[in-house]
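Coordinate analysis (summary)
These are the residues of each chain, in order.
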Amino acid sequence: MRSLIVVAGSFSMLLAQETKIDFVKQIAPILIQHCVECHGAKEQEGELRLDRREFVFVDGKQDEWVVLPGKPDDSEFLRRVQLPASDDDVMPAEGEPLRKEQIDLLRQWIAAGADWPADGDQVFIAAEAAIEKSRIKFELPALDDAAKAKVEAALTALKTRGAVAQRVAADTDAVDVNFSLLREQVGDQDLALLADLAPVLVWLNLSRTAVTDAGLERLTGLPELRRLHLAGTAIGDAGVRHLRGLGKLEYLNLYGSKVGDAGLEALGGLSALRKLYVWETPVTEAGAKALGSKLAALVIDRGEYVTARLQAAEQEIADRQARNKPVNTVCPVSDKPVDPAHAIDHDGIRLGFCCGKCLASFQKDPAAYAAKVAEIKAAAAAAQKPANEICPVSGKPVDPAHTVEHAGKRIAFCCGNCLAKFVADPAAYADKLPK
Ligand code: HEC
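Criteria and cut-off values
The numbering scheme is per chain: residues are counted from 1 as the chain's sequence reads. Totals for whole chains, interfaces and linings use every residue, but because this is a predicted model, local features are given only for residues with pLDDT of at least 70 and side-chain atom pairs only at 80 or more, for both listing and counting. Here a residue counts as buried when 20 or more other C-beta atoms fall within 10 Å of its C-beta, as exposed when 12 or fewer do, and as partly exposed in between; the C-beta atoms come from the backbone. Only DSSP runs of H or I reaching four residues or more are called helices, and only runs of E reaching two or more are called strands; each is numbered from the N terminus. Taken from the helix axis, the directions to the C-beta atoms give the arc we talk about. You can read pLDDT as the predictor saying how much it trusts each residue, on a scale of 0 to 100. Here, residue contact means that the backbone-derived C-beta atoms of the two residues sit within 7 Å. To define axes, lines are fitted to C-alpha atoms, for helices over the stretch in contact only, and angles between the resulting N-to-C directions are given on a 0 to 180 degree scale. Every angle not falling under 35 degrees, over 145, or within 65 to 115 is termed oblique; those three ranges are roughly parallel, roughly antiparallel and roughly perpendicular. Handedness of a crossing is defined here by the sense of rotation of the near helix relative to the far one, left-handed for an anticlockwise turn of less than a right angle and right-handed for a clockwise turn. Each residue receives one of three labels: charged for Asp, Glu, Lys and Arg, nonpolar for Ala, Val, Leu, Ile, Met, Phe, Trp, Tyr, Cys and Pro, and polar for the others, Gly being one of them.

Brief notes about helix α12 (residues 356-364)
- What α12 keeps buried is the set C358, L359 and F362. Projected down its long axis, α12 carries its buried residues within an arc of 100°, all on one side. In α12, the exposed positions that point more than 90 degrees away from the buried face belong to G356, K357, A360 and K364.

Here is the structure:
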């Protein structure tokens, strides 16, 4: 008996351990990836920092905490990340919204008390240091004096050409070249100016330039490249194949280029690659997935969320317009056709007028139009009520939940299937409709 109780006890402890959220492994990475850029050491948007315990749970200011331990539904933090993508207040304010699994984890974490252990801050400190380091510090080959002189000459030549060519930071030899401001004036021949920068060129921006697939062959001689922008160029699969040897490439932007799945396949060996942008390219979901399965640490941005946000916004506008559509087509004041721009909510219906003047007269003395309004309400109710009791498709009794407007009447069906059949070919059921 005794041993049974012990077993049961340790089993439930095991369960509790399994469902416990690990702040360092599960929560901190979400904050680091999606929030700290705007709510960290560099920027404190909305005067909020999410990268240290002491800033999230400020002593003595409980009423301002955005995370309320044990109360997920009262936490501003959770409210913001759950908002629809189209909402102005949604967090993160830019970029990809959080995925459902991530939101669920955050909710569980807050519900379980929002534990932020002492070593929690260390993860943020380490991440910030790593970002700082990858920004500024580059392990580059040592240069002899002759190579240094060549680098200086190349920088001068590039500046003369109108490109932005400069050291990434004061304490490094690493160089950043940006041709994108010159746009299509820049072509393949200009890439020859980069050859002597090979040991130090870490960032290169060729976005919107006229470089071609053939021209990219010159990049095979630039093994130190970490970031490459090719957005808005005519580069396609053949061009991307020239990047296969760039083993240090961490960031590649192909937004709006012609690169497709075949080109992505060629990138499978770039194990340093962390971020790839392929929004508005021929790349398919399957193609992105295939590359993602080869490079686990790679984040591929196909911009789906941009489309999703646009669709959500359009849907909202359509819904709002539908809600604002007046129920009447004839103005109760003038008997002229209604202009939907002049409408008000009145007595439970959306009432339309032909013009602002009629609307104003109505609002001065609504009682004078009570009979007209009652007529409109009755007509609106009748229009909502189906004209038939038997489904024209199946001959079964109708379910008022499945209706469609047809030839000025509301027609009901027994089920959604029959409705769909009818909509596909109304003429086939013409003789079954109420006269
Ligand atoms: C691109 C920048 C950006 C990113 C990334 C971002 N935010 Fe914000 N956040 C803002 C700005 C700007 C404000 C202030 C305006 C507002 O309140 O909407 C804000 C405000 C907030 C507030 C309200 C602060 C208050 O005191 O009421 C919360 C909570 C918040 N963000 C949470 C988050 C979370 C959680 C993430 C990550 C999932 C995140 N934010 C990512 C820009 C950002």
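Having seen it, we continue.
Thoughts on the confidence of the model for the protein
- In this model, the protein carries a mean pLDDT of 88, and residues with pLDDT of at least 70 account for 94%.
- Between residues 1-18, whose pLDDT stays under 50, and residues either more than four places distant or in other chains, the model counts zero contacts.

Some points on unusual backbone geometry
- Put simply, M91 and P92 share a cis peptide bond, and its omega is -5°.
- Assignment of secondary structure puts P92 in the loop between α4 (76-82) and α5 (100-111).
- For E47, which is not glycine, the phi torsion reads 55° and is therefore positive.
- Here D335, not a glycine, exhibits a phi torsion of approximately 70°, which is positive.
- Structurally, the position occupied by D335 is in the loop between α11 (304-323) and β8 (339-346).
- By C-beta crowding, D335 is classed as exposed, having 10 other C-beta atoms within 10 Å.

Points about the packing of helix α2 (residues 23-34) against α5
- Packing of α2 against α5 leaves a shortest axis separation of 10 Å and a crossing angle of 120°. Between α2 and α5, the interaxial angle falls into the category oblique. Crossing of α2 over α5 shows left-handed handedness. Residue-level contacts link F23, Q26, I27 and I30 of α2 to Q102, L105, L106 and W109 of α5.
- Considering only residue class, the contact of α2 with α5 consists of six nonpolar, two polar and no charged.

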